[in-house]
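Per-entry structural report
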Amino acid sequence: MYDYLIVGAGLFGAVFAHEASQKGKRCLVIDKRSHTGGNLHCDEVEGIVVHRYGAHIFHTNDRDIWEYMNRFADFNRYTNAPIANYKGELFNLPFNMNTFYKLWGVTTPEAARRVIEEQRASAGVKEPRNLEEQAISLVGTDVYEKLIKGYTEKQWGRPCAELPAFIIKRLPVRFTFDNSYFSDRYQGIPIGGYNRIIDKMLEKCDVRLGADYFDDETGYREAAAKVVYTGMIDAYYKYRFGRLEYRSLLFETELLSGPNFQGNAVVNYTSADVPYTRIIEHKHFEFADRDKTVITREYPKTFAPGDEPYYPVNDAKNAALYEKYRELAAGEKDVIFGGRLGTYRYLDMWQVAAEALRCAN
Ligand code: FAD
Ligand code: UDP
C-alpha cells in the first residue's frame, strides 16, 4: 500500500517524506505525539509564535540547505545573541570581547588573550581531556566558573570533568566585539513559525498522529515496503544491549501581561543555584509588537522511560553501546535510521535536513 512508512514527523521524517512523495512514492508518516514537526513544533498564544520545545534558530553555512529551507517559508533576520545572567550580573554570549571587557575591564584582544593564557597556565591544562579542561584551555578559569560550570552541570547532570570536550566546542570564542551566537553565514526564524514548513513538506503524504509504532509494529510493517525510523534506536531493538542515556527537559510556559519581560529572546542562567538553564521570551524571535508576552523556563531533567529524550549523551560509554546498535542497523535491508534519535547524535536542524536529503536521494 505504501512505499515508505516514516516513523516520526520531525524534520528528518518530513524532509524525507517530502522528497519521496515528490518522486512519486507513497508515504505514510506516523507520530506518537498529537502534532507534526517533532521538536520544531510551535503553538500560537495571543498572536505570538511559541517554540514549544525550546528555542529553535535555524543556522547553516550550507547555501544549498539554506535555499532548500527557504522554499518552504520566508525567514526573518533574527540573529541569536543570548545574554548570560550569573547571580544577577549580565554578560554577552558567546564568549567574546564584550564578555572579556565586562569580566576583566580589558579593552584589547591582546590583553584578553594574556588573561586567558595566565589562567590556563596556572590551571596547568596542556592537552584537554574533558569539557572542564577544554573550557579552561579556551577561555580561562573565570569564564569557566561563571558562565560554563553551573550551566553545563545542570544541563548534563554530571561534573564537567566527566563530559566530552566536543560539547563546549559548539560555542565560538571570539576576540572581536561580535555577539552572534552562531558563526554561520545564514540564520533566521521562519516567519509564522516552523509548522508552515512542516505542513508544506507533508502536503502529499498520509499522516497519522497519536500513533506509536510499537503499538502495532507488525501492522505498520505490513503497510509499507520500507521503513524510515527516527525514534530512539535502542527502543527499536527493544534495548537488547541495554539502554542508551538521554537528557530530558521540562518546559514551563507563562503568558505575562507586560510587553517586554527580559529584553532579549534568550537569557541563560549560568549559576548552579537557579534550577533552570534559560528563559526564552518568544516574541523577540519574531520582533512581535504585542502588549503581552510569553516566556518559557527550561529545566534540565534526568531522562526516565516515558520522558522525551531531547539530547543523546555522547560520552565514551554510550558511544560504545550505540556502536552495537549501529552495527545491527547497518545490516537492515528495509529500514533507514535517521535524525537525532535514530542515529544518536547531537545534530542541529541543518544537519538533519541535509542527511534526510542525502538519504532520500
Ligand atoms: P525529532 O524532532 O525528535 O522528531 C522525532 C519524532 O519521532 C518525534 O516527533 C517523536 O514523537 C517521534 N517518535 C519517536 N518514537 C516514535 C514512535 N515509537 N512512534 C511514533 N513516533 C515516534 N537545532 C538547531 O539547528 N537550532 C536550534 O536553535 C536548536 N535548538 C534546540 C533546542 C532544544 C531544546 C532541543 C532539544 C533541540 C534543538 N535543536 C536545535 C535541534 C533540533 O531540535 C533537531 O536537530 C531536530 O528537531 C531533529 O529532528 P528529528 O526529526 O531528528 O527529531
Ligand atoms: N554552555 C554553557 N553556558 C552557556 C551556554 C552553553 O556552558 O551559557 C555550554 C553547555 O555545556 C551546553 C553547550 O555549551 O550544553 C552547548 O550549548 P548550546 O547552546 O549549543 O546548547 P543547546 O542549545 O544545544 O542546548
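On a predicted model such as this, the values are computed, not experimentally measured, just so you know.

The rules behind the values
- Residues numbered from 1 in each chain as written.
- Chains lettered and ligands numbered in written order.
- Predicted model: local features only at pLDDT ≥ 70, side-chain atom pairs only at ≥ 80, totals over all residues.
- Heavy atoms only, no water.
- Core = buried A, V, L, I, M, F, W, Y, C linked by side-chain atoms within 4.5 Å.
- Buried < 20%, exposed > 50% of the residue type's maximum accessible area, 1.4 Å probe, protein only.
- Helix = DSSP H or I, 4+ residues; strand = E, 2+ residues; numbered from the N terminus.
- Contact = heavy atoms within 4.5 Å.
- Axes fitted to C-alpha atoms, helices over the stretch in contact; angles between N-to-C directions.
- Parallel < 35°, antiparallel > 145°, perpendicular 65-115°, else oblique.
- Nonpolar A, V, L, I, M, F, W, Y, C, P; charged D, E, K, R; others polar.
- Lys, Arg positive; Asp, Glu negative; His and termini not counted.
- Salt bridge = Lys/Arg side-chain N within 4 Å of Asp/Glu carboxyl O.
- Polar contact = N/O pair within 3.5 Å; in protein donor to acceptor, adjacent residues only side chain to side chain.

1. Re the nonpolar core
In terms of nonpolar packing, the biggest core is built from 72 residues, with Leu5, Phe95, Phe100, Ile148 and Tyr229 touching the most fellow members. Top element by residues in this core is helix 5 (residues 131-156). It accounts for nine residues. With near-sequence residues (within four places) excluded, phenylalanine 100 lies in contact with Phe95, Gly105, Val106, Ala112, Ile116, Val139, Val143, Val173, Arg174 and Phe175. Within the second largest apolar cluster, 38 residues are counted, among which are Ala17, Cys27, Tyr68 and Ala356.

2. A word on the packing of helix 3 (residues 97-104) against helix 5
Where helix 3 meets helix 5, the closest approach of the two axes is 11 Å, and the angle between their N-to-C directions is 90°. Taken as axis vectors, helix 3 and helix 5 run roughly perpendicular relative to one another. Contacts between helix 3 and helix 5 pair Thr99, Phe100, Leu103 and Trp104 from the former with Val139, Asp142, Val143, Lys146 and Leu147 from the latter. Of the residues belonging to the contact of helix 3 with helix 5, the class tally is six nonpolar, one polar and two charged.

3. Regarding the side chain of lysine 283
Positionally, lysine 283 belongs in the loop between strand 13 (278-281) and strand 14 (293-302). It turns out lysine 283 is buried and unbridged, and the closest side chain with the opposite charge, glutamate 281, is 5.6 Å from it. Within polar-contact distance, the side chain of lysine 283 engages the backbone oxygen of proline 259 at 2.6 Å. With sequence-adjacent residues up to four places away left out, lysine 283 is seen in contact with Ile48, Pro259, Ala288, Arg290, Lys292 and Thr293.

Remember, this is a structural readout, not a statement about activity or role.
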